[in-house]
Amino acid sequence: MSNKLEQKKDLDWASLGFEYVKTDFRFTASYENGVWSEGELITSEQMTVHEGAPALHYSQQCFEGLKAQTTKDGRVLLFRPDLNAQRLQDTADRLLMPQVPTELFLRGVEEAVRANYSWIPPYGSGAALYIRPFLIGVGDNLGLRPAKKYEFRVFVSPVGPYYKGEGLSIISLAVTDVDRAAPKGTGHVKAGSNYAGGLLATHKAKELGANEALYLDAAERIYLEEAGSANILLKMTGGRFVTPKSDAILPSVTRRSIMTIAKQELDLEIEERPVNFLKELPEIEEMAACGTAAVLSPVGKVWVNDQWTLFYGEGEKVGPTMQKLYDLLTQLQKGEREDIYGWTKEVVMD
Ligand SMILES: Cc1ncc(COP(=O)(O)O)c(C=O)c1O
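Thresholds, definitions, all that
Residues numbered from 1 in each chain as written. Predicted model: local features only at pLDDT ≥ 70, side-chain atom pairs only at ≥ 80, totals over all residues. UniProt positions renumbered as here; feature names shortened; annotations may be inferred. Helix = DSSP H or I, 4+ residues; strand = E, 2+ residues; numbered from the N terminus. Contact = placed C-beta atoms within 7 Å. Expected span 1.5 Å × (residues − 1). Buried ≥ 20, exposed ≤ 12 C-beta atoms within 10 Å, placed from the backbone. Near = placed C-beta within 6 Å. Nonpolar A, V, L, I, M, F, W, Y, C, P; charged D, E, K, R; others polar. Axes fitted to C-alpha atoms, helices over the stretch in contact; angles between N-to-C directions. Parallel < 35°, antiparallel > 145°, perpendicular 65-115°, else oblique. Left-handed = near helix turned anticlockwise from the far one by under 90°.

Draft legend 1. How the structure looks around the UniProt feature "modified residue: N6-(pyridoxal phosphate)lysine" (unreviewed entry) in the protein chain. If you check UniProt for "modified residue: N6-(pyridoxal phosphate)lysine" (unreviewed entry), the listed places come out as Lys190 in our numbering. Checked against the element boundaries, Lys190 lands in the loop between strand S9 (171-175) and helix H4 (192-207). Excluding residues that lie within four positions of it along the chain, Lys190 makes contacts with Cys62, Phe63, Glu64, Arg87, Thr91 and Leu250.

This is the structure we're talking about:
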């Protein structure tokens, strides 16, 4: 499908939020009797599923999220899509769903991006094309058991920043008394049910004036886990750069990348370990949330023990380490500097 010559859509790219925008094509493939179909592009954004589908009743469904960005010279780059393919496979294993083969995952993503060329935000607009691959258990069913049929779909939507604000916006988080994931539950995979359970925590956080909930470990409520849709980064006193280790948090592609950049390019001493939040709070100089949607969002303040704790610059300024990491990451994702890690993958437009 050649859309290269098609004009870009007449959108106000710079004012896009993180909302669904209907684009022209989506990719779909189905699984039945142990075999995946070839997959194809379709135009309808609607899905028809059986009323007994396990995705609807028992949350046998999962998803991924990644972005495509336009470079200055007009190329379109994905960021580490192989890791999203792998994570969807890990999630599928946990939910007794068939794995989407890496080849099918990557082809679905690339075809959906290519077919919607005119919807990919231009370089310098501050927007990106968000890609949402997902896998659901379909077909008739009643009892609690895995589906016999599955659908893999990929849709895309142009998006602006997840947290509103100019450039690098400083966010606030509120420690919640709601648990997101049990120690041996599904917190480490991207199951939709994790997010349904978290809606209440986000709602309560917003009532406190925070952008998002911050979770502690469900077993002891001592150790830092993650935010509702992002992992946590901490710049501690003495130059240590720490991220919480837990079996119940999602292994963020963005976080893994930033930790590598912090070590290799900023020469920081990196640690992935349990973080006793209250005890270590005084040692935190800079804090940030990171993820595909959040990119790297500095955390100015956290609501904990019925009060706000402020971080760098009284919670009003972006700390130097987080600013550098944001710049280094986003320059890489937008092709503004050499990709020394081999993380970006060009979607070649034909
Ligand atoms: C719960 C949760 N943690 C972390 C992340 C960040 O992961 P990634 O960097 O792979 O987008 C996300 C977003 O996908 C998420 O939903």
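Let us keep going from here.
Draft legend 2. Seen up close, helix H3 (residues 102-115). With 14 residues, H3 extends 20 Å from end C-alpha to end C-alpha; this agrees with the ideal 20 Å at 1.5 Å per step. Within H3, burial applies to Leu104, Phe105, Gly108, Val109, Glu110, Ala112, Val113, Arg114 and Ala115.

Draft legend 3. Geometry of the site of the ligand. Around the ligand, a shell composed of Gly65, Glu226, Ser229, Ala230, Asn231, Leu250, Ser252, Val253, Thr254, Arg255, Gly291 and Thr292 is seen. It is helix H5 (residues 253-264) that contributes the most residues to the shell around the ligand, three residues altogether. For the shell around the ligand, the residue count by class is three nonpolar, seven polar and two charged.

Draft legend 4. Structural context of H5. With twelve residues, H5 extends 17 Å from end C-alpha to end C-alpha; this agrees with the ideal 16 Å at 1.5 Å per step. Every buried residue of H5 is listed here: Val253, Thr254, Arg255, Ser257, Ile258, Met259 and Ala262.

Draft legend 5. Just the packing of H5 against helix H7 (residues 320-333), in detail. Where H5 contacts H7, the axes come no closer than 10 Å and their chain directions differ by 115°. With respect to H7, the axis of H5 lies roughly perpendicular. Considering only the axes of H5 and H7, their crossing is right-handed. Packed against H5, whose contacting residues are Ser257, Ile258, Ile261 and Ala262, the element H7 presents Leu325, Leu328 and Leu329 at the interface. When grouped by side-chain class, the residues that make up the contact of H5 with H7 number six nonpolar, one polar and no charged.

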